[in-house]
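# Structural characterization, general
So the chains spell out like this:
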Amino acid sequence: MAAFPWHARSRNYVSESDMCKLESVPVDFGDYHPLKPITVTESKTKKMSRKGSTSSTSSSSSSSMMDPLSSVLDGTDPLSLFAAAADPVITTDNTRKKRDKDDGPAVGSDFEPWSSKRGEILARYTTTEKLSIVSGRKGTSTGSAVSEKVRTRLEELDDLEEGSQKELLNLTQQDYMNRIEELNQSLKDAWSSDQKVKALKIVIQCSKLLSDTTVIQFYPSKFVLITDILDTFGKLVYERILSMCMDNRVSLSDNFSPESVNDTAKETCLNWFFKIASIRELIPRFYVEAAILKCNKFLSKMGISECLPRLTSMIRGIGDPLVAVYARAYLCRVGMEVAPQLKESLNKNFFDFLLTFKQIHGDTVQNQLIVQCVEIPLYLTLYSPAIDWILQCIAYRAPEVLLTEMMERCKKLGNNALLLNSVMSAFRAEFIAARSMDFIGMIKECDESGFPKHLLFRSLGLNLALADPPENDRLQILNEAWKVITKLKNPQDYINCAEVWVEYTCRHFKKREVNTVLADIIKHMTPDRAFEDAYPQLQSIIQKVITYIYDFSLLFSVEKFLPFLDMFQKENVRVEVCKCIMESFINALTLEDEKRMLAALINGFIKMVSFGRDFEQQLSFYVEARSMFCNLEPVLVQLIHSVNQLAMETRKVMKGNHSRKTAAFVRACVAFCFITIPSLSSIFTRLNLYLHSGQVALANQCLSQADAFFKAAVSLVPEVPKMISIDGKMRPSDAFLLEFLCNFFSTLLVVPDHPEQGVLFLVRGLLNVIQDYTWEDNSDDKVRIYTNVLHLLSAMTQETYIYHVDKVDSNDTLYGGDSKFLAEINKLCETVIAQILDHLKTLGKEETLKRQSQLALYLFNTILAHGDLRNNKLNQLSVNLWNLAQKHGFADTKTMVKTLEYIRRRSKQPEMSHFADLALRLPLQSRT
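Residues numbered from 1 in each chain as written. Predicted model: local features only at pLDDT ≥ 70, side-chain atom pairs only at ≥ 80, totals over all residues. Heavy atoms only, no water.

In the annotation of an unreviewed UniProt entry, the entry for the protein reads VPS35 endosomal protein-sorting factor-like, and the organism field reads Anser brachyrhynchus. In the Subcellular location (unreviewed entry) part of its UniProt record, the protein is described as follows: "Endosome". The heading Sequence similarities (unreviewed entry) in the UniProt record of the protein holds the text "Belongs to the VPS35L family." (UniProt positions renumbered as here; feature names shortened; annotations may be inferred.)

Let us now look at the overall build of the protein. Secondary structure assignment for the protein yields 42 helices and six strands. Considering the protein as a whole, with its 928 residues, one finds that 49% of them fall into the buried category. Here the analysis covers contacts within the protein between residues at least 6 apart in sequence; of these, 73% occur between residues at least 24 apart. For the protein, the accessible surface area stands at approximately 47500 Å², while carbon and sulfur atoms represent 53% of it. (Helix = DSSP H or I, 4+ residues; strand = E, 2+ residues; numbered from the N terminus. Buried < 20%, exposed > 50% of the residue type's maximum accessible area, 1.4 Å probe, protein only. Contact = heavy atoms within 4.5 Å. Areas by Shrake-Rupley, 256 points an atom, 1.4 Å probe, with all protein chains shown as cover.)

Turning our eyes to something else, we now look at the side chain of His914. Note on placement: His914 falls in helix H42 (residues 914-920). Residue contacts for His914: discarding those within four places in its chain leaves Leu869 and Arg870.

It is worth spelling out the pairing of strand E5 (residues 723-726) at this point. Of the pairings in the sheet, the one linking E5 to strand E6 (residues 729-732) comprises four bridges and is antiparallel in character. Looking at the pairing, Met723 lines up with Pro732 of E6. Between the antiparallel neighbours E5 and E6 lie two residues, among them Asp727 with a positive phi of about 55°. (Pairing = 2+ DSSP bridges.)

What follows concerns the packing of helix H20 (residues 453-464) against helix H21 (residues 474-485). It is the contact of H20 with H21, at a shortest axis distance of 10 Å, that shows an interaxial angle of 145°. Crossing handedness for the pair H20 and H21: left-handed. Where H20 abuts H21, its residues His454, Phe457 and Leu464 lie against Ile477, Glu480, Ala481 and Val484. Counted by class, the contact of H20 with H21 contains five nonpolar, one polar and one charged residues. (Axes fitted to C-alpha atoms, helices over the stretch in contact; angles between N-to-C directions. Left-handed = near helix turned anticlockwise from the far one by under 90°. Nonpolar A, V, L, I, M, F, W, Y, C, P; charged D, E, K, R; others polar.)

Roughly 1200 Å³ of volume is contained in the second largest pocket. Along the wall of the second largest pocket there are 33 residues; nearest its centre are Lys117, Asp388, Ser425, Ala426 and Leu462. Taken together, the elements giving at least two residues each to the lining of the second largest pocket come down to helix H3 (115-124), helix H15 (384-395), helix H17 (417-426), helix H18 (429-434) and H20. With six residues, H15 is the single largest residue contributor to the lining of the second largest pocket. (1 Å grid on protein atoms, 1.4 Å probe; cavity = no way out; pocket = protein on both sides within 12 Å on 5 of 7 lines; lining within 4 Å. Points joined across faces, edges and corners; volume = space filled by probe spheres on them.)

Structurally, the position occupied by Ile304 is in helix H10 (residues 303-314). Looking at Ile304, the relative accessible area reads 8%, which means it is buried. C-alpha separation for the pair Ile304 and Leu342, spaced 38 residues apart in sequence, amounts to 9.1 Å. Apart from the residues within four sequence positions on either side, Ile304 is in contact with Leu293, Lys294, Asn296, Lys297, Val338, Ala339 and Leu342.

A word on a nonpolar patch on the surface. Together, Met597, Leu598 and Leu601 give the surface a local cluster of nonpolar side chains, amounting to about 310 Å² of exposed area. With respect to the element layout, Leu601 can be found in helix H28 (residues 591-608). When its relative accessible area of 55% is taken as the criterion, Leu601 is described as exposed. (Patch = residues over 30% accessible without salt bridge, like charges linked within 9 Å, V, L, I, M, F, W, Y side chains within 5 Å. Salt bridge = Lys/Arg side-chain N within 4 Å of Asp/Glu carboxyl O.)

It is worth spelling out unusual backbone geometry at this point. The backbone phi angle of Arg397 is positive, close to 55°, even though this residue is not glycine. Among the structural elements, Arg397 can be located in the loop between H15 and helix H16 (400-412). Residue Gln701 is not a glycine yet carries a positive backbone phi of 60°. Inspection of the secondary structure puts Gln701 in the loop between helix H32 (683-699) and helix H33 (703-716). Among the residues examined, Gln701 registers a relative accessible area of 29% and is labelled partly exposed.

In this section: the side chain of Gln392. Mapped onto the fold, Gln392 is located in helix H15. If we skip the residues at most four places from it in the chain, Gln392 touches Phe111, Glu112, Lys117 and Ala426.

To continue, consider the nonpolar core. Grouped together as the largest cluster of nonpolar side chains are 175 residues, with contacts concentrated most on Phe350, Trp501, Ile521 and Leu538. Grouped together as the second largest cluster of nonpolar side chains are 114 residues, Ile640, Val666, Phe745 and Trp775 included. (Core = buried A, V, L, I, M, F, W, Y, C linked by side-chain atoms within 4.5 Å.)

For the structure on display, the rule yields 26 salt bridges. One salt bridge connects Lys222 with Asp212, and the closest N-O pair in it is separated by 3.6 Å. With Lys222 in helix H7 (residues 219-244) and Asp212 in the loop between helix H6 (196-208) and H7, the pair connects residues that are 10 residues apart, well separated along the chain. Accessibility expressed as a relative area gives 6% for Lys222, which makes it buried. Salt bridges linked by common partners bring Lys444, Glu480 and Lys483 together as one network.

In this section: the environment of Pro258. By the secondary structure assignment, Pro258 is in the loop between H7 and helix H8 (263-277). When the C-alpha positions of Pro258 and Gly303 are compared, they lie 10.0 Å apart, and in sequence the two are 45 residues distant. Other than its neighbours up to four places away in sequence, Pro258 contacts Lys266, Lys297, Phe298, Leu299, Ser300 and Lys301.

Turning to helix H11 (residues 321-338), a few remarks are in order. Taking 1.5 Å as the rise per residue, H11 with 18 residues should run 26 Å; its terminal C-alpha atoms sit 26 Å apart, in good agreement. In terms of burial, H11 is a largely internal element, 17 of the 18 residues being buried. Its side-chain oxygen 2.9 Å from the backbone nitrogen of Leu322, Asp320 forms the N-cap of H11. (Expected span 1.5 Å × (residues − 1). Polar contact = N/O pair within 3.5 Å; in protein donor to acceptor, adjacent residues only side chain to side chain.)

Below is the structure:
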């Protein structure tokens, strides 16, 4: 490309600043005051009654209201009709009372939410078998006693869209999950486009999938995916009705009463429940009603407490025990969200499950497992997420007596291992630990078929890692558990249990017992190099041992500790373990922590020391402190900042007019900083302190000292490494260097040239350093820096600079707009533009076109802001850059449109009329 001469736009900063200020408009408040109570009068509306329903308020003049379930046939969405109805307006006060207290205990942060379990379930319950999604069939007949209106409702809900009636077969697990996500998105799209009935149909279709157990091992994951959609639907319905309750833009409080809900919102809420009651199949009817359980709050104070027992009873009609237990889990889930105080209903839900628990071993289930080739142990694990969740809800902040009741019920069911495991997982660790021997007795007597005892001991061990059992039982507990653990033949089963019980051993026993446990682990994991498949568990064991045995002389006296380390034979794992031990050792010494703490304390002391107006004594104190704490870098940094502050305080006292004495004093302060900065190790700390100290020197008219600081900063830039350590992690340094240089440019604007160094000697030196610096191949930071240099050089051509340092003559005063000075600046601009355009050329490859587009627009905006576009060549360059930014479809259309709008607005200003012609030459191209 040819060289483009730079012509900077002349700027009048004062007038530009005035243009950007907000226009002040006088306001006559009259009787209005923002703290005065707001009084709103009630609007007059017609009341219309409808047989068999609550009264509704409407601004319509119609004498009867359209049936919301049948009106869908004429193409109108019944739920959108209510949005047009006028809400009753109430008298309110802007000083609202505090929210009412909850009716019962709310769920606190100590309750583990369902969302935290979701990922684990999806990762654990997977399948390689093909899946299918089958939509519901249309109803074939209705009884003669059913009215035409009800028949229409049933047909609407069963008649899914043509596209969704197809059966999708042979889906992989990922395809299935993608399809479910599509349905979730379709639900949101339907809702946002005001197709509420379509949204309900999608939810019904999805709920029906929960009755399908043809790929049984995937059922827990399917439950997670489908209930995500149900949760979305429930939230949308609730928020829709809640929005209808807003009166005069004031929403209901969290604990509103049904009396404060207007008739329109209640009518809509009832319509949703009527629609759901018309769903024929039990499972979708149950799930969809459970999803909007919270909406009962709009109708009745007792609505939720009445619905929970009824929904619990509905589950009794579900024949498949796996499907039923997950339905119970979902009911517990929504119950805990909307009414956690109604624990009795949740308890009844679980006790119902216990009554039907024997179904699991019935012929129907056994035959199903034979067909799917699923073993009973695998089948039983499918129940764990549901039972664990139900018991977690029941056990949350429950009294200890409930655990006793649960243990008795488990005994009546023959100490079923699956239930026993869930009980130990759900209740507080303190309750379990106190009854450790009772649980061990139950584990010994439990039916092990399908759920091995070692998993029960693992669950018990997890509790004992959190809470201590009675002291007299501790050794017996360890012996009973290890009798079972040491007999395990499968190395993976063994190490999973041993890992948990190592913590119990280290927590309550001494070196001898820990040594015995480590010896047993070595014995089990050495044959056939089983340890190679158990590195994570073995690392966890090491971490637990060094956590509890922090005396390293004691640790290395444990006979089996070093042989245990010998099992880490994979090089990278061995290094990681050794690093872990060394970090523990270093933390035990806390040398670095002590240094940081001491430095913080010393810095706090330095900040507090003040000699008042005796600035020389203050500087002497800082010099002495530097000699005493020269090995503590944070203290040196603080001392430099303190001395700079001292220099600026001196300037403030002298009001910028230094005497011979104060001038010598500030030069002494500057010298202190100049000789202290090089002793620091952090390169960016040095760069920033050079810049900061140079600014302080400049403010105190120490021009030669300021030049020395800025020269030191320029000479330090080439030493900046490609990677720097930030908070112990290695990060690229480009962004930090770019930030520093931009700050540096802002300072260089006001730095006057040295009479013996030539025009813009600091700017030229910095540009040479930037040119020679080795930048990353895929980085555009060099060009961004060059573009910022154009900002600086454009500001330097102005007759009066945008800012100055008091009592320091900048180049606008020294050169007075001399033509030779301006010519030098324009030459530098041409060189910089040429470098930028050359770089843009190199980005013409397919993989770098996006970067080319961004940089072209960046340079265009720079020319727009700082260049004189009355110059034909510069004007043409800007047009070329605009077209280049859009050429390959990477430009953001909104940004381009807004930029063009800005140019057109500016063209209306008298001095910017040439922008009108420019706007005509800037086309907007489509992304295609």
